[in-house]
Amino acid sequence: MSALALTSFTATSAIGRGLDATLASLRAQRSGLAPCRFESAAIETCVGEVAGVDEVTLPRELREFDCRNNRLAWLALAQDGFTAAVAQCVAQHGARRIGVFLGTSTSGILETEIAYRHRDSASGALPREFRYRGAHSTFSLAAFTKRALELAGPAAVISCACSSSAKVFASARRAIEAGLIDAAVVGGVDSLCLTTLYGFHALQLVARTPCRPFDAARDGISIGEAAAFALLERPAEDLDSAGVLLLGTGESSDAYHMSTPPPDGRGARAAMLQALDAAGLEPGDIGYINFHGTGTPSNDAAEGSAVASVLGKEIPGSSTKGATGHTLGAAGALEAVICALALKASLMPGGVNTTQVDPTVPVSYLRENRCVPLARVMSNSFGFGGSNCSLILALAG
Amino acid sequence: MDTLRAAIESVGVLGPGLPDWPTTACVLRDSSPWARSATVLPQPIALAGAERRRTGAVVRLTLAVGLEATGRSEIDPAKLPTVFSSSSGDGQNCHEICATLASADRQLSPTRFHNSVHNAPAGYWGIATGATAAANSLCAHDASFGAGLLEAICQVNVERTHVLLIAYDTSYPEPMHSVRAIPDAFAVALLLAPARAAAALAHIELSLGDEPADHLQDAALEQLRAAVPAARSLPLLAHVARGTSGRVCIDYLDGASIALEVSRAPGS
């Protein structure tokens, strides 16, 4: 594939609003996980909640999209000059030539969960103010973002559970390569809701204490929320050597089970190999891997086997979910942005919360930050339904 | 914009009174009347017992049309990348989850939760067929068919591969039905291939524009087209059924439309 430039990017999660705060947290190995006080959830777990989402007010012309998920998106779009960078891209290419490809798993379902508590006692009808299209609909995130950024090109929400916002990079680069568009806003936004808290709890996949990816005693995930965006364009000829490129994408399916990966991680392996092939790289070209690393016993074991079989067991890697929580449909984009930060800051972020790395998993798991120049990194994202996606990012220099 | 081309190698359809592609093609050719009746979803026999019991309407619907399309081709479904597009997930399942979370006892069924992901049909498709290639699941509200077609045709042109597009929608029970009134389940599967002279039902050339979308002459079918996002495919299917060449416009986003030049031979 032809490389694309991430000409602007931003992320907002439990470890910070915008890139500076996110990088500061990574440098300090600070976790944003805290005991769950979200809404009416009565589950003993920790979550990565973004501060201040409830206080966000959408402008009047976007009010029809009001819901926690779109407020979080709005908060993130306002950081790091992202909106201005998109406006500049519109001036260059035209609003019709810029696509919007965003990942989410639950969109605005929190509004529906709350509306169900306020159904008419006689008829069962939802409250009159309930908005399907603007809040509940899975597409609402892309419709909102498209309107907020005043774009007029193709748009879609990709909803493949926890691989959603990694896969948006692959769809966007195909649309650019096909000549359908010149640039794309990609990203992912997922926000806390009761469906995921109670759902993962029902599957016994939720940890009581902050999640410990790749720890010998790991016992599940901590759910987080995040919004992350990137602007993808063909690289300019005078691209700064500190610019970040998307070099490869790989996608595969497990064809195995709805919520568990095959123990050998063969689907993950296929996605990683495809990403290397698309980038024209050898395994030894990758300097760091950001694991999907959810913290469940079976996920981390399968991913560890897969990574060792492709990149070798010496490849330094970590999961940043101990810091941010598992942000589900936003995880792919959030971790792509963290990888972009890692490249620019010459920082392999150490995984927090993990105290004793599982000796049975063949990985070189980083618990401490390592400050070394990085040229190329990989990020893995896997989801329910056996959906796998690997991305390779690099410094232009 | 570069011209995006694809061949339609086979079709699968399931909808109200439309049990398969041959019946649908007859209705769209006006050679038999549309006997509208509730969509009948077949048992998902491609799945083993444990999985079969866990499936809802969206999985049965998508397996049926996907297997019809691949069964009408020489292609092994295990080797195909797929694109699933639907305006929402499993409506019944979503309702049950929201109702449980609004009740005093919030214990969700684990199966209900993993079936709630938008890519559940893609996951079960992989389990049923052994397909390990990329599977994408997306949505664009009422433009979901168009968004799925764009994703699929980009894959066909960029990756030079066959792609199976499955667009589908099911209805919600009340109280969601009142706020999102999809009348019944409808799905279409299109097996798309890189444009070439091989045997194909039709060839398409795609461009984005803002011409108004084509409507269907038959008032009842037009009602179905307008009410179900996946049924926005019907004007295209009518061309394929009749074997006619010409331009067909399909609803897309915010007043935009997707124009398709449909022909019997590639690039003619």
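Chemist: So what's going on with the overall build of chain A? Which residues, and what values?
Modeler: Scanning chain A from N- to C-terminus turns up twelve helices and 15 strands. In terms of overall size, chain A behaves like a compact globule, its C-alpha atoms giving a radius of gyration of 20 Å where 397 residues would be expected to give roughly 21 Å. With the C-alpha coordinates aligned to their principal axes, the bounding extent of chain A is approximately 65 × 50 × 40 Å. In chain A, 80% of the contacts between residues at least 6 apart in sequence involve partners at least 24 apart.

Chemist: Explain the overall build of chain B residue by residue, including any values.
Modeler: A tally of regular secondary structure across chain B gives ten helices and eight strands. Compactness check: chain B gives a C-alpha radius of gyration of 18 Å against a globular reference of 18 Å for 268 residues, within 12% of the reference. When its C-alpha atoms are laid out on the principal axes, chain B stretches across 65 × 40 × 35 Å. Here the contacts in chain B between residues at least 6 apart in sequence split such that 70% fall between residues at least 24 apart.

Chemist: Now, about the environment of Ser105(A): what can you tell me, with residues and values included?
Modeler: Here Ser105(A) shows up in the loop between strand 5 (98-103) and helix 4 (109-117). Expressed as a C-alpha distance, the spacing of Ser105(A) and Ala323(A), which sit 218 residues apart in the sequence, is 20 Å. Here Ser105(A) is in contact with Ser159(A), Ala161(A), Ser164(A), Asp190(A), Leu328(A), Gly329(A) and Val117(B), once residues within four sequence places are set aside.

Chemist: Give a description of the sheet that holds strand 4 (residues 46-48) of chain A that names residues and reports values.
Modeler: Residue and element names in this part refer to chain A. Spatially, 3-4-8 is the arrangement adopted by the three strands of the open sheet, whose pairing is mixed. Edge positions in the sheet fall to strand 3 (34-35) and strand 8 (223-224), since each has one partner strand and no second. By the bridge criterion, two bridges tie strand 4 to strand 8 in an arrangement that is parallel. In the strand pairing of strand 8, Gly48 is matched with Gly224.

Chemist: Just give me the short version of the nonpolar core, but keep the residues and values in it.
Modeler: Core analysis: the largest hydrophobic core is formed by 238 residues, its most contacted members being Leu393(A), Ala187(B) and Leu192(B). In terms of residue count, helix 12 (residues 331-345) of chain A provides more of this core than any other element does, ten residues in total. Those residues in contact with Leu192(B) that sit more than four places away from it in its chain are Ala6(B), Ala7(B), Ile8(B), Ala152(B), Ile153(B), Val156(B), His162(B), Val163(B) and Leu165(B).

Chemist: So what's going on with the confidence of the model for chain B? Residues and values would help.
Modeler: Across chain B, pLDDT averages 95, with 98% of residues at or above 70. Prediction confidence for the complex, expressed as pTM and ipTM, is 0.98 and 0.98 respectively.

Chemist: Could you give me a rundown of helix 7 (residues 164-177) of chain A, with the residues and numbers involved?
Modeler: Under the 1.5 Å per step criterion, the end-to-end length of helix 7 of chain A is 20 Å for 14 residues, consistent within 8% with the ideal 20 Å. With 13 of its 14 residues buried, helix 7 of chain A lies for the most part within the structure.

Chemist: An account of the interface of chain B and chain A is requested, with residue identities and associated values reported.
Modeler: Accessible area lost when the parts come together is the quantity often used to give the size of an interface. Counting from both sides, the interface comprises 50 residues of chain B and, opposite them, 52 residues of chain A. Sorting the residues of the side of chain B that touches chain A by element identifies helix 4 (91-101), helix 5 (110-115), helix 6 (120-129), strand 3 (135-139), helix 7 (144-159) and helix 8 (176-179) of chain B as the ones contributing at least two each. Among the elements that make up the side of chain B that touches chain A, the one with the highest residue count is helix 7 of chain B (seven residues).

Chemist: Break down unusual backbone geometry for me, with residues and values.
Modeler: Across the junction of Glu174(B) and Pro175(B), the peptide omega takes the value 5 degrees, indicating a cis bond. With respect to the element layout, Pro175(B) can be found in the loop between strand 4 (163-169) and helix 8.

Chemist: Summarise the pairing of strand 2 (residues 82-85) of chain B; cite the residues concerned and give the values.
Modeler: Residues and elements named next belong to chain B. Neither face of strand 2 is exposed, since Thr82 and Phe84 on one face and Val83 and Ser85 on the opposite face are all buried. When strand 2 meets strand 3, the two strands line up parallel, connected through four bridges. Bridge assignment links Ser85 to a residue of strand 3, and that residue is Leu138. Here strand 2 pairs with strand 4 via four bridges, running parallel. Along strand 4, the bridge assignment pairs Val83 with Leu165.

Chemist: Just give me the short version of helix 6 (residues 140-148) of chain A, but keep the residues and values in it.
Modeler: Residue and element names in this part refer to chain A. For helix 6, the buried fraction is high: eight of the nine residues fall into the buried class. Of the residues making up helix 6, those classed as buried are Ser140, Leu141, Ala142, Ala143, Phe144, Thr145, Lys146 and Ala148. Among the structural elements, helix 2 (68-77), strand 5, helix 5 (132-136), strand 6 (155-158) and strand 7 (183-190) are those in contact with the buried residues of helix 6. With its phi angle positive at about 55 degrees, Glu150 sits one or two positions after the end of helix 6.

Chemist: Let's hear about the packing of helix 3 (residues 57-71) of chain B against helix 6 of chain B: which residues, and what values?
Modeler: All names here are of chain B. Put simply, helix 3 and helix 6 touch, their axes get as near as 9 Å, and they point 55 degrees apart. For the element pair helix 3 / helix 6, the angle class is oblique. For the crossing formed where helix 3 meets helix 6, the hand is right-handed. Contact residues: helix 3 offers Val58, Val59, Thr62, Leu63 and Gly66, while helix 6 offers Ala120, Pro121, Tyr124, Trp125 and Ala128. Residue composition of the contact of helix 3 with helix 6, by class: eight nonpolar, two polar and no charged.

Each value, and the rule that gives it
Residues numbered from 1 in each chain as written. Chains lettered and ligands numbered in written order. Predicted model: local features only at pLDDT ≥ 70, side-chain atom pairs only at ≥ 80, totals over all residues. Helix = DSSP H or I, 4+ residues; strand = E, 2+ residues; numbered from the N terminus. Rg over C-alpha atoms; globule rule 2.2 N^0.38 Å. Contact = placed C-beta atoms within 7 Å. Pairing = 2+ DSSP bridges. Core = buried A, V, L, I, M, F, W, Y, C linked by C-beta atoms within 7 Å. Buried ≥ 20, exposed ≤ 12 C-beta atoms within 10 Å, placed from the backbone. pLDDT = per-residue confidence, 0-100. Expected span 1.5 Å × (residues − 1). Axes fitted to C-alpha atoms, helices over the stretch in contact; angles between N-to-C directions. Parallel < 35°, antiparallel > 145°, perpendicular 65-115°, else oblique. Left-handed = near helix turned anticlockwise from the far one by under 90°. Nonpolar A, V, L, I, M, F, W, Y, C, P; charged D, E, K, R; others polar.

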